[in-house]
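The lines below spell out each chain.
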Amino acid sequence: MIGNLRSWHRTGPKISAAVVILWGLTGFLHPIMSWTAPRAAIQMPPEPVVETEGALAPSAFAALSGEARHVRLAPSSTGAYWSLQIAPGAPRVAVDAVTGEDATDALYAHSVALARHYADLPEAEVLSVRQITRFSMDYAPINRLLPVSEVVFDTPDRLAVYVDTGSDRLAAVSNTQRRWMLRIFQSVHTLAPLKPVEPLRLLVITGLTLAFLSTVIAGISMLWGAKGRKLRRWHRWAGAVLALPALAFPASGLFHAWVNSPLFKAADPVAEIFEIAALTALPSGRFTHLAASAGDDGPLWRGAAGREARYWSATGEALPLTDMDRARQLAGTEGETTLQARFDGSYGFANKRLPVWRVETDSAPVFVDPVDGLIASRTTGPVAAIERWTFNRLHKWNFADPLGRYVRDGAMMATVLALIALALTGLMLARRRRRKS
């Protein structure tokens, strides 16, 4: 048995070294991206005012026939326009709220205004504006929101701001440096180019991870029986010290890859579909946000003026609903409901939307976003909970958060460098052995 383990430990280092070097060095990019990521100059969304006077209901326009998941009367410098979300993978449809003509220019003007607000770049020239309808190397799935508008400014770093014109939320901020790091990280660390053939991607990740783990386990089993001097002794004792992170990093990463694979993970939340023809009238007044989403008996209007929100039926009749009531309606329960105004362990940053309402159910809390008219997140089962715990603590070292992120990341990177050095010394020892034989 020991002979077999020794044999594998001497033949496996080439694969293991390649794995630890490629995944280790690209793993460095994650904290570096966190340190150097461009930030929004302003975090809070704007509160533009839109008036319903003069606007016709969506059902009045032939161009708006069919179904939608979200319909908003949106503001822009060229006038109010109807903005429709049909599906996450489809671009928003925009028509003038008075004439019913195509209002793509208004949608783009709205996008630019949002991007200027978040970046605090009132004068910078805009290089391009386009709708993003699918995730990519530059706009990764971690950003969640689709569709969004990408606005690229003529700055030295080609700042790109991604905004959701349906809710005026900021989706992401990027620049040239971050785009290149994201492409390298996703190409090598997560094998993103293989995502179109997801089973193959998982198979490759699993094969490489198991090859590395088996080499580590073989080395651990030989610790107390092996002999040697100088470099061999250092390799043996360094392997003993680094055994835990050498197992924890790849094992937690493999578990993360499987649990979060599109083959097994639930689809991102979307609002229910409703008939646009049902929106025959709209509430009158001035709003910072006015939109319709599906209700129990047809679409509902939600109109907000600052933090206060009111509701109307599809025919414009006032309804005795609050955001709390609407959250319970969407969750399908009358459980205890509280406002969730920050990210925490049960509703993490990856969910993007804030604020939301936390509605308690018999099994687990549900987080609801009345602005988009959907369930933003459901508390998942034990497997996902275990995956979050292991990935956060064993792969991202969140247990060291009290030390500060720079100390935490520095210690993690030093450990990875030590693992790379351990792999390289293993290769050197293997080369020496071949020369002697």
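Here, every reference points to the structure presented above.
These figures come from a predicted structure and were not determined experimentally.

**Focus on the side chain of Arg-179**
Along the chain, Arg-179 turns up in helix 4 (residues 176-189). Buried and without a salt bridge, Arg-179 has Asp-138 as its closest oppositely charged side chain, separated by 5.2 Å. Once residues lying within four places of it in the same chain are set aside, the contact partners of Arg-179 are Asp-138, Asp-157, Arg-158, Ala-160 and Ser-174.

**With respect to the sheet that holds strand 13 (residues 298-305)**
One open sheet holds the seven strands; their spatial order is 5-4-3-12-13-14-15, and the pairing between them is antiparallel. Each having just a single partner strand, strand 5 (93-96) and strand 15 (318-319) make up the two edges of the open sheet. Summarising the sheet, strand 4 (residues 81-85) and strand 5 pair through four bridges and their orientation is antiparallel. In the strand pairing of strand 5, Ser-83 is matched with Ala-94. Where helix 3 (residues 104-119) meets the sheet, its contacts fall on strand 3 (70-74), strand 4 and strand 5, and the angle it forms with strand 4 comes to roughly 85°. Helix-sheet contacts for helix 8 (residues 323-331) involve strand 12 (289-295), strand 13 and strand 14 (308-313), and the interaxial angle to strand 12 is about 30°.

**A few points about the pattern of salt bridges**
Applying the stated criterion across every chain yields a total of 15 salt bridges. Among the ionic pairs, Asp-369 bridges to Arg-353, the shortest N-O distance being 3.4 Å. Highlighted residues: Asp-369 in strand 18 (residues 366-369) and Arg-353 in the loop between strand 16 (337-340) and strand 17 (356-359), separated in sequence by 16 residues. Across this residue pair, the class does not change: Asp-369 and Arg-353 are buried. Taking the shortest distance from any N to any O, the salt bridge between Arg-358 and Glu-360 comes out at 2.6 Å. Here Glu-360 falls in the partly exposed class, since its relative accessible area comes to 27%. Sharing partners across several salt bridges, the network here consists of Arg-169, Arg-353, Asp-369 and Asp-372.

**Details of the pairing of strand 7 (residues 148-153)**
By the criterion of burial, strand 7 is predominantly enclosed, with six of the six residues buried. The side-chain alternation of strand 7 yields two buried faces, one formed by Val-148, Glu-150 and Val-152 and the other by Ser-149, Val-151 and Phe-153. The sheet contact formed by strand 7 and strand 8 (residues 160-164) spans four bridges and is antiparallel. Following the sheet pairing, Glu-150 is matched in strand 8 by Tyr-162.

**Considerations on the pairing of strand 3**
Across the five residues that make up strand 3, a large majority, five, are buried. Alternating positions in strand 3 separate into two faces, His-70, Arg-72 and Ala-74 on one and Val-71 and Leu-73 on the other, with burial throughout. Note: strand 3 against strand 4, five bridges, orientation antiparallel. By the bridge assignment for strand 4, Arg-72 is matched with Ser-83. Once strand 3 ends, the chain turns through six residues before running back antiparallel as strand 4, passing Gly-79 with a positive phi of about 120°. Where strand 3 lies against strand 12, two bridges are found, and the strand directions are antiparallel. Along strand 12, the bridge assignment pairs Val-71 with Ala-292.

**A few points about the packing of helix 5 (residues 198-221) against helix 7 (residues 243-259)**
Axis separation between helix 5 and helix 7 bottoms out at 10 Å; the angle between their running directions is 160°. Between helix 5 and helix 7, the interaxial angle falls into the category roughly antiparallel. Note on packing geometry: the crossing formed by helix 5 with helix 7 is left-handed. Residue-level contacts link Arg-201, Leu-202, Ile-205, Thr-206, Thr-209, Phe-212, Leu-213, Val-216, Ile-217 and Ile-220 of helix 5 to Ala-243, Ala-246, Leu-247, Pro-250, Ala-251, Leu-254, Ala-257 and Trp-258 of helix 7.

**Regarding the sheet that holds strand 7**
As summarised here, the arrangement of the four strands in space is 6-7-8-9, forming an open sheet in which the pairing is antiparallel. Among the strands making up the open sheet, the edge pair consists of strand 6 (126-132) and strand 9 (169-174). Adjacent strand axes in the sheet meet at a mean angle of 20°, parallel and antiparallel pairs treated alike. On top of the sheet, helix 3 reaches strand 6, strand 7, strand 8 and strand 9; it is set at about 110° to strand 6, its chief contact.

**Digging into the packing of aromatic side chains**
On inspection of all chains with the given rule, the structure shows eleven aromatic pairs. Ring geometry for Trp-258 against Phe-264: centres 5.7 Å apart, planes inclined by 25°, an arrangement best described as stacked. When its relative accessible area of 36% is taken as the criterion, Trp-258 is described as partly exposed. Taken together, a centroid distance of 5.5 Å and an interplanar angle of 80° make the contact between Phe-343 and Phe-349 edge-to-face. Since its relative accessible area comes to 28%, Phe-343 is described here as partly exposed. One aromatic cluster is present, formed by Phe-343, Tyr-347, Phe-349 and Phe-367 through successive ring pairs. Sitting above the plane of the Trp-180 ring, Arg-183 keeps its charged end 5.0 Å from the centroid.

Calculation criteria
- Residues numbered from 1 in each chain as written.
- Predicted model: local features only at pLDDT ≥ 70, side-chain atom pairs only at ≥ 80, totals over all residues.
- Heavy atoms only, no water.
- Helix = DSSP H or I, 4+ residues; strand = E, 2+ residues; numbered from the N terminus.
- Buried < 20%, exposed > 50% of the residue type's maximum accessible area, 1.4 Å probe, protein only.
- Lys, Arg positive; Asp, Glu negative; His and termini not counted.
- Salt bridge = Lys/Arg side-chain N within 4 Å of Asp/Glu carboxyl O.
- Contact = heavy atoms within 4.5 Å.
- Pairing = 2+ DSSP bridges.
- Axes fitted to C-alpha atoms, helices over the stretch in contact; angles between N-to-C directions.
- Parallel < 35°, antiparallel > 145°, perpendicular 65-115°, else oblique.
- Left-handed = near helix turned anticlockwise from the far one by under 90°.
- Phe/Tyr/Trp six-rings, centres within 6.5 Å; stacked < 30°, edge-to-face > 60°.
- Lys NZ or Arg CZ within 6 Å of the ring centre and 35° of its normal.

Honestly, that's just the spatial picture; any functional story needs more than this.
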